[in-house]
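# Structure assessment
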Protein chains: 2
Amino acid sequence: MTRQKKFYLDESEMPKQWYNLTPDLPTPLNPPLGPDGNPISPEMLAPVFPMNLIEQEVSQKRWIDIPEPIREMLIQYRPSPLIRAYELEEALGTPAKIFYKNESVSPAGSHKPNTAIPQAWYNKQFGIKRLTTETGAGQWGSALAYACKLIGLECKVFMVRVSFDQKPFRKLMMHAWGADCVPSPGTETQAGRNILAQFPDTPGSLGIAISEAIEAAVSDPTGQTRYSLGSVLNHVMLHQTIIGQEAKKQLALAGISKPDVVIGCCGGGSNFAGISFPFMYDKINGADIQIIGVEPYSCPTLTKAPFVYDHGDVARMTPLLPMYSLGHSFIPAPIHAGGLRYHGMAPLVSASLKDGLMEAIAVHQNECFEAGLLFARTEGIIPAPETTHAIAGAIRAANQAKEEGKEKVILFNFTGHGLLDLMGYEKYMTGILEDYEYPTEEIAKNLEAIKGYPLPK
Amino acid sequence: MTRQKKFYLDESEMPKQWYNLTPDLPTPLNPPLGPDGNPISPEMLAPVFPMNLIEQEVSQKRWIDIPEPIREMLIQYRPSPLIRAYELEEALGTPAKIFYKNESVSPAGSHKPNTAIPQAWYNKQFGIKRLTTETGAGQWGSALAYACKLIGLECKVFMVRVSFDQKPFRKLMMHAWGADCVPSPGTETQAGRNILAQFPDTPGSLGIAISEAIEAAVSDPTGQTRYSLGSVLNHVMLHQTIIGQEAKKQLALAGISKPDVVIGCCGGGSNFAGISFPFMYDKINGADIQIIGVEPYSCPTLTKAPFVYDHGDVARMTPLLPMYSLGHSFIPAPIHAGGLRYHGMAPLVSASLKDGLMEAIAVHQNECFEAGLLFARTEGIIPAPETTHAIAGAIRAANQAKEEGKEKVILFNFTGHGLLDLMGYEKYMTGILEDYEYPTEEIAKNLEAIKGYPLPK
C-alpha cells in the first residue's frame, strides 16, 4: 500500500485543553445584554445554566483544561480520524489535497457529543438532575440523550415538529438512550401553546423549540433542571475546538504543515468553530489560511444578515446576543439540512466574520446534495444534509485550485453521516428537490421588528 | 488517561492474505452435490459466479493472497477498531475483559463490505459488467451497492417486498450508491411473475428473491451478468477472515496473548466465520479457546437442526450443501434480526460445529434487545438486532466469569449498528416485543420434506 488514507491519533494525544478564541479576537466581544439594555451578569444566567458553565461562557482564558473524567468519556469515539479524500480528488481531477475530519464516528453520528458530554458532566458536578434542550433534525437531541445516559442525568428534548414527523428514527435513538422527546411547538409550555394558537400549522423552528426548552428548565420548582444548548454559545464553541486541534496534529502526520483552506458548514456555528478556531489562532498569529463558512442559500445569515443585537430564540427569552441575524422571528425554508435552519449565528463566529478572520458563502440545496452524492459514490460514507454544505464548499475550493493549477490543501469538517436523512438524496436524484431563493422580503420584515434594539460596536 | 479503550492498526497492517479453514478441518468438507446426487464440478457454477471466485470456493490453500487493489479499497474503513468494553464490564461487575471488533464502521454500517468489495472486484476482473443479488433487511444489498459503485459495476438488488415497504431507508442507501433496488417478487423475472400470478399479495421471501436474482443473472443474453451471495459460501467466509486476523494483532497490542472466549452471532455464518476462523486455526494447533456461535431461539439451526444435505434456498436452485438445516422451506419467525433468519448454516461453520471446534447457544429476542440496550447505554453505539445476539452471548460469558471469579478475556464481533433498525428497541422498551419458542413442529415438518436427500459423511 503506497498511500495512507486515514490518520489516527493515540487516545493520549487527544487535546488536554480547549481553545478559547475570545481573548484573541482583534475586536473585543460585545457582551450579551439583558432586557434593560445593560450587559447581563453571570448570575442572571444562573436559572438557565449551571455556574461552572457560565464561568466558561464568560471566560477570557485562552486555554481551559479539559477535566480528566470528560476525556475518559470522549475516548468512546475520539480522537476522530482525519481522512484524505483520494477518491473524491480523483473524481474532481483536482490538484488539491482534500482532507476531512470524520466527526460522524460518534455513537450519535455527529460532532455534537463533543459538547454534550462536557455540558452534562458540568451540570452533574453542579448537582443538576435533569437537562432540557431543543433539537432541529435531531442530531443535537440524540447527542445530549447519549451524554446524559453516560453521565446519569434525565434528558428532555423538544424536537422541531417537521423533523419529529419526518425523522422518527432520531426520536427512537433518543428513546434508546433513555431520553424523553416531544414535538415542538407542543402544549407542555406556555411558549408552545402561544405559537400554536397563532400558527396551528407551523412546522416549528429551532427558535421556538429553544423557547420551550428554556421555559421547561426554569419553571422546574425543584431548581434541579437546567437548559442545554448545542450551539451558538461561547462554551459550546469552546468544547468543539478539540476537532481543529486534533486535525492540526493529524495534518502534521500527513506531512502537512498547514492547510490552505479550512471549511465548515454554518448553522448555529459550533462545528464551524470546532474545526476553524484553532486555525484562526494560527491566522491571527500570521498564518495564511483561508477560512470559509458555508450556509444554506435560503438561510443566509452570514452572507445577507446585518450584525446586530438580537435574541437567540423566537420567544425572546434569551439575552440579546451580538451576532449576524435574520431576525429572531425568521422561519427558514424547510430545507433538509435542519441543523442549519437558524436565524442567528454564534457571537464568536459572527465576530470572526466581522473581524475578517473568515469569509462566508451560501449554497443552494441542489448543489449540496449533488456534492453529497458524489462524496458517497467516491469516499463511501453518505453525508448528513448539513455536511453536504461543507462538501459543496470543499468541491468549489478544489475546482478553483484546479483552475488556478495550485496544489492547495483543503480541510473540511465532516460533521455527520446521513443514514437517517436519506430523503433529500432521493428527491435530488429524481429531480424534485426544491431550491429556495434568498427570502429577501421575509428578512426585511423580520429585521424591521428588531429595529429599535441596541447595536453592537 | 490511564487506560486505552480503542486499539487501531496501521493500514499497512491490514492482513495481506485471507485464511481458508478448509484444509485445516479435522474432517474433510463434504462436497456440494448436483441434482443427480453427484458432486458438482466448478464448471457447473460458471453461469452463476465468475471462475476466479469459483476457484476460491473450492480452494484447498490455507492462505490466499488479497489483491492489492482490494486492500486499497478496504482501507476506506479498515482496519476496524478493536474496543475494550470498559463501561459494559463495569455495569456487569464482571472480572472479565470484554473486547469487541467494531465492524459497524464501514459506510454500509456492517461487516458485509468485507466480501462485497472482493466479490465485485473479482467479477470486474473477469469482465463482468453487472451483479445481481437478493437482500432481506437490506444490509447485504446496501453493502454490494457500495462495492459496485466503488468498482464500477452495475448492481441490481431484489429486496424482499415486506422489507422494501417497511425499511425504505435501506432502499434509499442503495439508490444513493447508484444501485437499482426492486421489490421481490416483481414482474421482471419469470420466477417473480409465476409467484405473483399464484400469490398476488405475497410479502416475498429470501428464497423467492434468490430465485429472481439468479434468473436475472443467468438469463442476461450478453453473458456479462453474475450473481453475488453475501453469506453461506466458502469464499464469503474466506473474505471475512480479515476480521479475526486483525483482532488477533489488536489483542496483542492490548497485551493479550489469546482470548479465552470468541463469540459471534450466526445467521448464514459469515461474520461468525470472520471473527472465529483465525482463532480456530490456533485452537486446531493447541490453543485453549472457547468459540461460541449465538443464534436466535426461534431459528435454532446450530442447536436443534440435524447435519444434512439441503438446498440453500427455498426454490431449490442451489446445489445441495452439507450443513445444519431446519429444512429449506422453513420460514423463521419475523424477529427483528432479519440477517439471522436463515434455515441453514454455512458448510464451513457447520463442519466446525460437527468437528467440535465451536459450540452454539440460542437466545430469545428479548434477552438480545436487553443486552443491546445495556450496550447502547454503556458503550454508546446502538447495535443492530443481529449484533445484539453476540452481545447477549458475551454478557452470558461475562456473568459466568463473574460466578467463577475468573478474569477471562472475551472477544465478540460487533457486526453492525442499529440506526436503521430501531423499532425492535422501542418494542422491547414498551414491553411488546415478542419471544418466539422453538418451532418444533415446523422444523419436523420441513425436515420430513428432505428425508430422501443424501446424507453427509
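The rules we used
- Residues numbered from 1 in each chain as written.
- Chains lettered and ligands numbered in written order.
- Predicted model: local features only at pLDDT ≥ 70, side-chain atom pairs only at ≥ 80, totals over all residues.
- Heavy atoms only, no water.
- Contact = heavy atoms within 4.5 Å.
- Buried area = accessible area lost by both parts, 1.4 Å probe.
- Salt bridge = Lys/Arg side-chain N within 4 Å of Asp/Glu carboxyl O.
- Buried < 20%, exposed > 50% of the residue type's maximum accessible area, 1.4 Å probe, protein only.
- Helix = DSSP H or I, 4+ residues; strand = E, 2+ residues; numbered from the N terminus.
- Pairing = 2+ DSSP bridges.
- Least-squares fit on C-alpha atoms with pLDDT ≥ 70 in both.
- Lys, Arg positive; Asp, Glu negative; His and termini not counted.
- Polar contact = N/O pair within 3.5 Å; in protein donor to acceptor, adjacent residues only side chain to side chain.

## Remarks on the interface of chain B and chain A
At the interface, 46 residues of chain B touch 46 residues of chain A. Between chain B and chain A the total buried area reaches about 4,100 Å² when both faces are included, carbon and sulfur atoms providing 61% of it. At the junction of chain B and chain A, the tally comes to four salt bridges. A salt bridge links B:K6 to A:E11; the shortest N-O distance between them is 3.0 Å.

## A short note on the pairing of strand β5 (residues 97-102) of chain B
Residue and element names in this part refer to chain B. With respect to burial, β5 is a largely interior element, five of its six residues being buried. Of the strand pairs in this sheet, strand β4 (residues 82-84) and β5 are connected by three bridges, and their pairing is antiparallel. Bridge pairing in β5 places L82 opposite K101. Sheet topology note: the β5/strand β15 (residues 409-414) ladder contains six bridges and is parallel. Residue pairing in the sheet places Y100 in a bridge with F412 of β15.

## Structural notes on helix α14 (residues 347-354) of chain A
Given 3.6 residues per helical turn, the α-helix brings residues three or four places apart onto the same face. Residue and element names in this part refer to chain A. Among the eight residues in α14, seven count as buried, and that is most of the element. Within α14, burial applies to P347, L348, V349, S350, A351, S352 and L353. Next to the buried residues of α14 lie α10 (234-240), α12 (270-284), α13 (301-304), β12 (307-311), β13 (320-324) and β14 (359-363). At the exit of α14 stands G356, carrying a positive phi of roughly 75°.

## Brief notes about the relation of the copies chain B and chain A
One copy of the chain maps onto the other through a rotation about an axis plus a displacement along that axis. It takes a turn of 180° to lay chain B on chain A, together with a shift of 0.1 Å along the axis; the resulting RMSD is 0.8 Å. Such a combination of turn and shift is consistent with a two-fold rotation axis. Same-surface contact between copies: 100% of interface residues of chain B are shared with the interface of chain A.

## Regarding the side chain of B:R226
Residue and element names in this part refer to chain B. Among the secondary structure elements, R226 is positioned in strand β9 (residues 225-227). Of the buried charged residues, R226 lacks a salt bridge, with D220 as the closest side chain of opposite charge at 6.9 Å. At 3.1 Å, the side chain of R226 and the backbone oxygen of A46 are in polar contact. A polar side-chain atom of R226 sits 3.0 Å from the main-chain carbonyl oxygen of G223. In this structure R226 touches A46, P47, V48, F49, P50, N123, F126, I128, R130, L131, T132 and A217, once residues within four positions along its chain are discounted.

## A word on the pairing of strand β7 (residues 154-160) of chain A
All names here are of chain A. For β7, the buried fraction is high: six of the seven residues fall into the buried class. Pairing analysis gives six bridges linking strand β6 (residues 130-135) to β7, with the strands arranged parallel. For T135, the partnering residue across the bridge sits in β7 and is M159. Of the pairings in the sheet, the one linking β7 to strand β8 (residues 180-184) comprises five bridges and is parallel in character. Pairing of F158 across the sheet is with V182, part of β8.

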